[in-house]
Amino acid sequence: MSSQKQKIDISQMVSPFLVLYILHGTQMGEGVLTFTRRIAKVAGYDAWIGILLTWLLTTIIIVIVWKIVPDGQDLIDIHHSIFGKRFGNLLSLLFGVHLLSLSFYVMRSYIEVIQVWYFQDLSIGWFSLFLYILILYLVLGGFRTVVGFIFFSFWIPLVLSFSILIAFQHGHMENLLPIMNTSYWNIVKSVEPMATGYLGIELILMFAPFIHKFHKGLKWAVSANGLTTLIYLLVALSNFVYFNQEQIQLLAWPSLHVWKIISFPLIERFEYVGISLHFIVIIATSCIYFWGSVQCYYRISKVSFRGISIFLAIIGFISMFLVKDYLMIEQLSNIISKIGFCLLFIYIPFLYILKLIKSGVTKSHETI
């Protein structure tokens, strides 16, 4: 691999505190509209405890990530160091597929929302083309351009999440009682569907070299994870007090239905405002995942960053026509959920253990 690809342009590096916005931006995608239905199917109203459990586990994973990645290196370097160049590149290739799939899933899910709530005859082709042109424009502008857009989108989930607190005024707080009405095992099982909402932690492994003094970013990543948890907890509780367990499991997007009860003198259908504003969040989330995929393939190939970006955008655009309905989107969501769970809670700790073993063997050889 050329030294040019290993050296990061300092003009594209960002300050450690921006990790707060980057990580939170990757986690606030389409999942915030649907996660309550998925976790309620597993643990009922006690699923909010599963959110706290997921927060605790993912915080540990974030700490492990910071122990895995040295300053100036990324997942490609780690794979090469532990597995060698050939097998390491194969694992990096699969990781790139994961990131590209997440980028695609976020966009395709949002298009489904637009078709159901706005325009049933919306052309997937033309709208997808517009989305990928916009994402290409941001990604080809460099990492700082992507981060700038994420910073801009950061405030929208905060506003929208607090807007649904009105559900507490019309809901029934007794829905949350009694606590622990389900088994401990069901609460533990709710971590898997909930983990989808925390995906983005693995992306740190790719953008780490672009963070100036990366080791100082840990506290901001932990803060971002905590902020994400706070929003998820508020959204979940508002959904749980407003809907009964049978209703919430039948609604595709429970949060959108909560927005339907909000009205202002000049805004009768607030859910339309929420969906429209969420477009910025969707673009930001999809864009950072797309950038991560492009960066991954750029690091393991001799193709230009621009060439890879255009090629992956074409693949994503064509894939839009392969996922034809809501059921296929749900199947894709289940697959991504399982892969993301394994990646966060199995593969990243596995990498850490292998790195510890390799470091121990290296030290023992040096001693000898």
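Cut-offs applied
- Residues numbered from 1 in each chain as written.
- Predicted model: local features only at pLDDT ≥ 70, side-chain atom pairs only at ≥ 80, totals over all residues.
- Heavy atoms only, no water.
- Helix = DSSP H or I, 4+ residues; strand = E, 2+ residues; numbered from the N terminus.
- Rg over C-alpha atoms; globule rule 2.2 N^0.38 Å.
- Contact = heavy atoms within 4.5 Å.
- Areas by Shrake-Rupley, 256 points an atom, 1.4 Å probe, with all protein chains shown as cover.
- Lys, Arg positive; Asp, Glu negative; His and termini not counted.
- Charge placed at Lys NZ, Arg CZ, Asp CG, Glu CD.
- Core = buried A, V, L, I, M, F, W, Y, C linked by side-chain atoms within 4.5 Å.
- Buried < 20%, exposed > 50% of the residue type's maximum accessible area, 1.4 Å probe, protein only.
- 1 Å grid on protein atoms, 1.4 Å probe; cavity = no way out; pocket = protein on both sides within 12 Å on 5 of 7 lines; lining within 4 Å.
- Points joined across faces, edges and corners; volume = space filled by probe spheres on them.
- Nonpolar A, V, L, I, M, F, W, Y, C, P; charged D, E, K, R; others polar.
- Salt bridge = Lys/Arg side-chain N within 4 Å of Asp/Glu carboxyl O.
- Axes fitted to C-alpha atoms, helices over the stretch in contact; angles between N-to-C directions.
- Parallel < 35°, antiparallel > 145°, perpendicular 65-115°, else oblique.
- Left-handed = near helix turned anticlockwise from the far one by under 90°.

What follows deals with the overall build of the protein chain. Along its length, the protein chain carries 19 helices and zero strands. Taken over C-alpha atoms, the radius of gyration comes to 21 Å for the protein chain, in line with the 21 Å a tight globule of 368 residues would show. Counted over contacts in the protein chain with a minimum sequence separation of 6, partners at least 24 positions apart contribute 87%. Accessible surface computed for the protein chain: about 16600 Å², of which carbon and sulfur atoms make up 68%. Separation between the mean location of the 24 positive side-chain charges and that of the 17 negative ones in the protein chain comes to 13 Å.

The subject of this paragraph is the nonpolar core. Ranked by size, the top nonpolar core spans 129 residues in total, and within it Phe-35, Ile-51, Val-65, Phe-143, Phe-240, Phe-290 and Trp-291 carry the most contacts. In contact with Phe-35, not counting residues within four places along its chain, are Ile-51, Met-194, Tyr-232, Val-235 and Ala-236.

Okay, the layout of surface pockets next. In this structure, the second largest pocket occupies an estimated 230 Å³ of space. The biggest single contributor to the lining of the second largest pocket is helix 19 (residues 326-367), with five residues. Taken together, the residues of the lining of the second largest pocket sort by class into two nonpolar, three polar and seven charged.

Counting across every chain of the model gives six salt bridges. Between Arg-299 and Asp-74 there is a salt bridge whose closest N-O contact spans 2.9 Å. Note that Arg-299 is positioned in helix 17 (residues 270-300) and Asp-74 in the loop between helix 4 (47-68) and helix 5 (75-83), a separation of 225 residues in sequence. By relative accessible area, Arg-299 is classed as buried at 3%.

The next point concerns the packing of helix 6 (residues 85-117) against helix 7 (residues 124-140). Angle between the axes and distance between the axes: these two values describe a pair of packed helices. Running from N to C, helix 6 and helix 7 cross one another at 135 degrees; their axes reach a closest spacing of 11 Å. The pairing of helix 6 with helix 7 is recorded here as oblique in orientation. Note that helix 6 runs across helix 7; the crossing there is right-handed. Together, Phe-104, Met-107, Arg-108, Ile-111 and Gln-115 of helix 6 and Ile-124, Phe-127, Ser-128, Leu-131, Tyr-132 and Ile-135 of helix 7 make up the contact between the two elements. Here the contact of helix 6 with helix 7 is composed, by residue class, of eight nonpolar, two polar and one charged.

Attention now goes to the side chain of Asn-89. Turning to its location among the elements, Asn-89 is positioned in helix 6. When near neighbours in sequence (up to four residues on either side) are disregarded, Asn-89 contacts His-80, Gly-84 and Ile-300.

For the pair helix 2 (residues 19-27) and helix 17, interaxial distance at closest approach is 8 Å and the crossing angle is 105 degrees. Classified by the angle between their axes, helix 2 and helix 17 sit roughly perpendicular to one another. Of helix 17, the residues touching helix 2 (which contributes Ile-22, Gly-25 and Thr-26) are Thr-285, Ile-288 and Tyr-289. Looking at the contact of helix 2 with helix 17 residue by residue, the class counts come to three nonpolar, three polar and no charged.

Per the stated rule, a full pass over the model turns up four cavities of 30 Å³ or more. By volume, the largest cavity is sized at about 170 Å³. In terms of lining residues, the largest cavity is bounded by 17 residues, among which Glu-30, Gly-31, Tyr-105, Thr-196 and Gly-197 are the most central. Listing elements by their share of the lining of the largest cavity, those giving two or more residues are helix 2, helix 3 (31-43), helix 6 and helix 17. Grouping the constituent residues of the lining of the largest cavity by class yields seven nonpolar, eight polar and two charged.

Scope: geometric values only; no functional claims are made or implied.
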